[in-house]
Each structure stands twice: as C-alpha cells, then as structure tokens.
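Given next are the chains, with one letter for each unit.
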Amino acid sequence: MSLDTRLQTKINESYKYCLKNDLNTEYAILIDMSIHSGKKRLFMVNLETSSIVSSGLCSHGCCESVWESDLTANNPTFSNIPESHCSSKGKYRIGKRGYSSWGININYKLHGLEESNSNVYKRIIVLHSWNMVPENELFPQGTPEGWGCPAVSNGHMRKIDSLLKKQKKPVLMWIYD
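Please read these numbers as outputs of a predicted model, since none were measured by experiment.

A. Representation of the overall build of the chain within the structure. Within the chain, the secondary structure is distributed over three helices and eight strands. Mapped from its N terminus to its C terminus, the chain presents α and β elements in the order α-β-β-β-β-β-α-β-β-α-β. At 15 Å, the chain has a C-alpha radius of gyration in line with the 16 Å of a compact globule built from 177 residues. Dimensions of the chain, computed from C-alpha atoms along their principal axes, come out at roughly 40 × 35 × 30 Å. The burial tally for the chain puts 53% of its 177 residues in the buried class. Sequence-distant contacts, at least 24 apart, represent 61% of the contacts inside the chain between residues at least 6 apart. Of the roughly 8,600 Å² of accessible surface on the chain, 49% is carried by carbon and sulfur atoms. The chain carries 21 positive and 17 negative side-chain charges, and their two centres are separated by 7 Å.

B. Region of interest: the packing of aromatic side chains. Under the defined criterion, the tally for this structure stands at four aromatic pairs. Put simply, the rings of Trp67, Trp102 and Trp130 touch in pairs and so form one group of aromatic residues. Sitting above the plane of the Phe139 ring, Lys39 keeps its charged end 4.4 Å from the centroid. It is Lys91 that lies over the ring of Trp174; its NZ or CZ is 4.1 Å from the centre.

C. Structural detail: unusual backbone geometry. The amide bond that connects Phe139 to the next residue, Pro140, takes the cis arrangement and shows omega of 15 degrees. Of note, Pro140 is situated in the loop between β6 (126-129) and β7 (151-152). Phi at Asp22 takes a positive value of approximately 55 degrees, unusual for a residue other than glycine. Its place among the elements puts Asp22 in the loop between α1 (5-20) and β1 (27-32).

D. Molecular detail of the side chain of Asn154. Looking at the element boundaries, Asn154 is found in helix α3 (residues 154-164). A relative accessible area of 17% places Asn154 in the buried class. In terms of polar contacts, Asn154 uses its side chain to reach the side chain of Ser129, at 2.9 Å. Ignoring any residue separated from it by four or fewer positions in sequence, one finds Asn154 in contact with Gly103, Ile104, Ser129, Trp130, Asn131 and Glu135.

E. View of a nonpolar patch on the surface. Together, Trp67, Trp102 and Trp147 make up a nonpolar patch on the protein surface, roughly 360 Å² of accessible area in all. Locating Trp102 in the fold gives a position in the loop between β4 (90-99) and β5 (106-112).

F. Examining α1 more closely. Over its 16 residues, α1 runs 23 Å from end to end, which matches the ideal 22 Å to within 8%, given 1.5 Å per residue. Lining the buried residues of α1 we find β1, β2 (42-46), β3 (51-56) and β8 (172-176). At the C-terminal side of α1, Asp22 shows a positive phi close to 55 degrees.

G. Spotlight on α3. Where burial is concerned, most of α3 is hidden: eight out of the 11 residues are buried. For α3, the full list of buried residues reads Asn154, Gly155, His156, Met157, Ile160, Asp161, Leu163 and Leu164.

H. How the structure looks around the pattern of salt bridges. Counted according to the given criterion, the structure contains six salt bridges. We note a salt bridge from Arg6 to Asp32, for which the minimum N-O separation is 3.0 Å. Within this pair, whereas Arg6 is found in helix α1, its partner Asp32 is found in strand β1, the two being separated by 26 residues in sequence. Linking Lys89 and Asp177 is a salt bridge whose minimum nitrogen-to-oxygen distance equals 3.3 Å. Of this pair, Lys89 sits in the loop between β3 and β4 while Asp177 sits in the segment after β8, placing them 88 residues apart in sequence. Judged by relative accessible area, which is 29%, Lys89 ranks as partly exposed. Classification of Asp177 as partly exposed rests on a relative accessible area of 42%. Linked by salt bridges that have partners in common, Arg97, Asp161 and Lys165 make up one network.

The rules behind each value
- Residues numbered from 1 in each chain as written.
- Predicted model: local features only at pLDDT ≥ 70, side-chain atom pairs only at ≥ 80, totals over all residues.
- Heavy atoms only, no water.
- Helix = DSSP H or I, 4+ residues; strand = E, 2+ residues; numbered from the N terminus.
- Rg over C-alpha atoms; globule rule 2.2 N^0.38 Å.
- Buried < 20%, exposed > 50% of the residue type's maximum accessible area, 1.4 Å probe, protein only.
- Contact = heavy atoms within 4.5 Å.
- Areas by Shrake-Rupley, 256 points an atom, 1.4 Å probe, with all protein chains shown as cover.
- Lys, Arg positive; Asp, Glu negative; His and termini not counted.
- Charge placed at Lys NZ, Arg CZ, Asp CG, Glu CD.
- Phe/Tyr/Trp six-rings, centres within 6.5 Å; stacked < 30°, edge-to-face > 60°.
- Lys NZ or Arg CZ within 6 Å of the ring centre and 35° of its normal.
- Polar contact = N/O pair within 3.5 Å; in protein donor to acceptor, adjacent residues only side chain to side chain.
- Patch = residues over 30% accessible without salt bridge, like charges linked within 9 Å, V, L, I, M, F, W, Y side chains within 5 Å.
- Salt bridge = Lys/Arg side-chain N within 4 Å of Asp/Glu carboxyl O.
- Expected span 1.5 Å × (residues − 1).

Below you can see the structure in the form of structure tokens.
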C-alpha cells in the first residue's frame, strides 16, 4: 500500500515523538479526521518501515448531532469538554486493555498527551469496536457517530488488539485533521 506525503510526514513525526517520549517506536495508530468517515482513515503503521500494517474505518463523536447519524462525516467538530460527545484531537498514549460493553468487548484506555485531549481519560474516551462500524468503506455514507470514542469495526479491533497486547512499551495514537 503506497503512502501519501501527508501520512508519511505523520509517520516520521510520530517516530521522533516516540523516541523522545519513551513510547513504542515500532508501531503507532494514526487517525486522519480530514478523511471522510466512510473511508478508511485509521492507520495502524509500522514506524520503522514506514508501512501501513492495517487500515479501517473509524467513527468520531457526534457532538451536538444525532447519535448514530453520519451528519458530520466530512466535517467533524472536536472538543475536550466533558459531556460534549465530541472527539478530541492530539496525541494519546494507549493504556490498559479492559472490558467494553461494545463490539467484541475489548477496549483500551486512552491518556491524552496534549492540552487538546487532556480530559479524555476522565471523559472515558477509549479505543473500542462497535457493531455499527462496518468492515468496508461505505462512502458516500459516513460511519455512524458516537460519543467521542474512536470506534472501529469488530474485525479491525481484533487486528489492533492482537498487535497491542504484544507490545512492551505504550503505543502512540494520534488523532489529527
């Protein structure tokens, strides 16, 4: 899978950030919210080889829109405010694996590393799967919008989980637009 210049730049920046901040330097998860939610926009990448390991759809928060709609598929709003139901941009450290009521019942706690996402842990924004997120692209429709969590398909979560639970150091996740 070829990389566009924007993704390659984010991979390079991620690698440098991980080196500097004692995070996993082999893998990262990059989520490009400038990409329509009906297209693959979550990229699990190998930082050492600058390659995409896996890619898939990813939901974002509905904010003031209707939950499960796709009204902001091409134009998400972001917030770090509790109860906003918005996603938060920025770099995250993927934390402890836990139980989820959604999808395949696995989630990963997220720790915001920037001012733009400093409240995500107490907002209970986690990485999880959701049955409403399809396995394949559905553009021009968008992925259903949730309450701020980056949610993926069940199949993609199995791939992510398989990789994350093997890592010794925390993995970086970066949501940007």
